Structures are given as structure tokens and as C-alpha cells.
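Given next are the chains, with one letter for each unit.
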Amino acid sequence: MVPQKHILTDSLNRLYQTGVLLNDTYRISKDYVYSKYFFTQDSQYNFSLQTIIPVNGSISNRLIIKSRKENKKTIALDMNADGIIENMSNTDFIGNDIQYFYKKILNKGLEKDAVTRNYDMLFIKCD
């Protein structure tokens, strides 16, 4: 049996290599080598979760919450992809509300096998 730690490390390596390949092929960006989205919604909001793997630095997640009824958008950043929102902008929400939505979206992504957990990190899977 292969240890779970080894499988998760392989998953991160595949994710990184895919990003490098995309960057080399399409010259997507010089700032990051991989970016992947997961979209979902509820009755009030549209949610967009983005995982970003920069050339230099840590994997991060960005959550965008758009109201379906009003022209309002909130952007929240998880700078370490550890499930904790560190920064928010353009928001009428309080921090606990944003954290609640973020946890809800991450759990939905885990249920749909779109998000993976690696050690203490949560990020969108590579296809």
C-alpha cells in the first residue's frame, strides 16, 4: 500500500507540472504557473473559488462572492490555502460570514472531488 502522504505529494507535483506546461505552452503569466477555478451558487450568491500557484511563493486561494440580486462583489484571500481568510475587499459581510462561506465552498468542492486536501492545505485539483 502506498502511503497517503506520497500520493498527496504526487498530486501537488502533477498540479505544479501542469501549471508549468500551461505557462510554457500559452505564456499565461509570468507571475503564476497555475490557476484553476471552481464555481458554485446558492439562492442568493454566485461563488468563484480560484487556486493560484505562483512562480515564487505559496499556493493561495481567492474567493469571489457575487450577489445574485444586487450589484455587489466581495473578494476574499486565503494567502496560504489553509482554509483561513486573511484579507477581504469590497465587502458588506463581516469576517465570520466570509469564513462561513469559504468553508462551505471548500466542503462542497471536497464533496464534488474538485478540491483536495494536502497536509494543512486545500486547493483545487488538477485535471
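Predicted model, so just to flag it, every value in this text is computed and none were measured.

Asks: Would you explain the nonpolar core in this entry?
Replies: For soluble globular proteins, the rule of thumb is that nonpolar side chains tend to be buried together. By size, the foremost hydrophobic cluster in this structure holds 18 residues, and its most contacted members are Phe 47, Leu 49, Leu 63 and Ile 65. Residue assignment for this core shows that the elements contributing at least two residues are strand 2 (45-54), strand 3 (60-67), helix 2 (95-111) and strand 7 (121-124). Of all the elements, helix 2 adds the most residues to this core, at 5 residues. Discounting residues that sit within four places of it in the chain, Leu 63 has contacts with Phe 47, Ser 48, Thr 74, Ile 75, Ala 76, Phe 101, Tyr 102 and Ile 105.

Asks: I would appreciate a short explanation of the pattern of salt bridges in the present structure.
Replies: Side-chain pairs of opposite charge can arise where the charged atoms are in close proximity. The final tally for this structure, using the stated rule, is 3 salt bridges. With its nearest N and O atoms 3.2 Å apart, the salt bridge here joins Glu 70 to Lys 72. We note a salt bridge from Lys 125 to Asp 113, for which the minimum N-O separation is 2.5 Å. Taken together, the residues Lys 125 in the segment after strand 7 and Asp 113 in the loop between helix 2 and strand 6 (115-118) connect sequence positions 12 residues apart. Judged by relative accessible area, which is 27%, Lys 125 ranks as partly exposed.

Asks: Would you explain the confidence of the model for the chain in this entry?
Replies: Any residue range with low pLDDT should be treated as having predicted coordinates unsuitable for detailed reading. Summary statistics for the chain give a mean pLDDT of 79 and a share of 70% for residues scoring 70 or more. Per-element confidence in the chain ranges from a low mean pLDDT of 55 for helix 1 (residues 4-26) to a high of 91 for strand 3. Confidence drops under a pLDDT of 50 for residues 1-7, and excluding neighbours within four residues, the segment shows 2 contacts in the predicted structure.

Asks: What exactly am I supposed to notice about the packing of aromatic side chains here?
Replies: Two aromatic rings are characterised by how far apart their centres lie and by the angle between their planes. Evaluated as defined, the whole model comprises 5 aromatic pairs. Geometrically, the ring pair formed by Tyr 37 and Phe 39 is stacked, given 5.6 Å between the ring centres and 5 degrees between the ring planes. With a relative accessible area of 39%, Tyr 37 lands in the partly exposed category. Measuring from centroid to centroid gives 5.4 Å for Phe 47 and Phe 101, while their planes differ by 45 degrees, and the two rings are tilted. Here Phe 101 lies in helix 2 and Phe 47 lies in strand 2, a separation of 54 residues in the sequence. Residues Phe 47 and Phe 101 agree in their burial class; the two are buried. Here the aromatic cluster, defined as three or more aromatic residues joined through ring pairs, consists of Tyr 45, Phe 47, Tyr 100 and Phe 101.

Cut-off values and rules
- Residues numbered from 1 in each chain as written.
- Predicted model: local features only at pLDDT ≥ 70, side-chain atom pairs only at ≥ 80, totals over all residues.
- Heavy atoms only, no water.
- Core = buried A, V, L, I, M, F, W, Y, C linked by side-chain atoms within 4.5 Å.
- Buried < 20%, exposed > 50% of the residue type's maximum accessible area, 1.4 Å probe, protein only.
- Helix = DSSP H or I, 4+ residues; strand = E, 2+ residues; numbered from the N terminus.
- Contact = heavy atoms within 4.5 Å.
- Salt bridge = Lys/Arg side-chain N within 4 Å of Asp/Glu carboxyl O.
- pLDDT = per-residue confidence, 0-100.
- Phe/Tyr/Trp six-rings, centres within 6.5 Å; stacked < 30°, edge-to-face > 60°.

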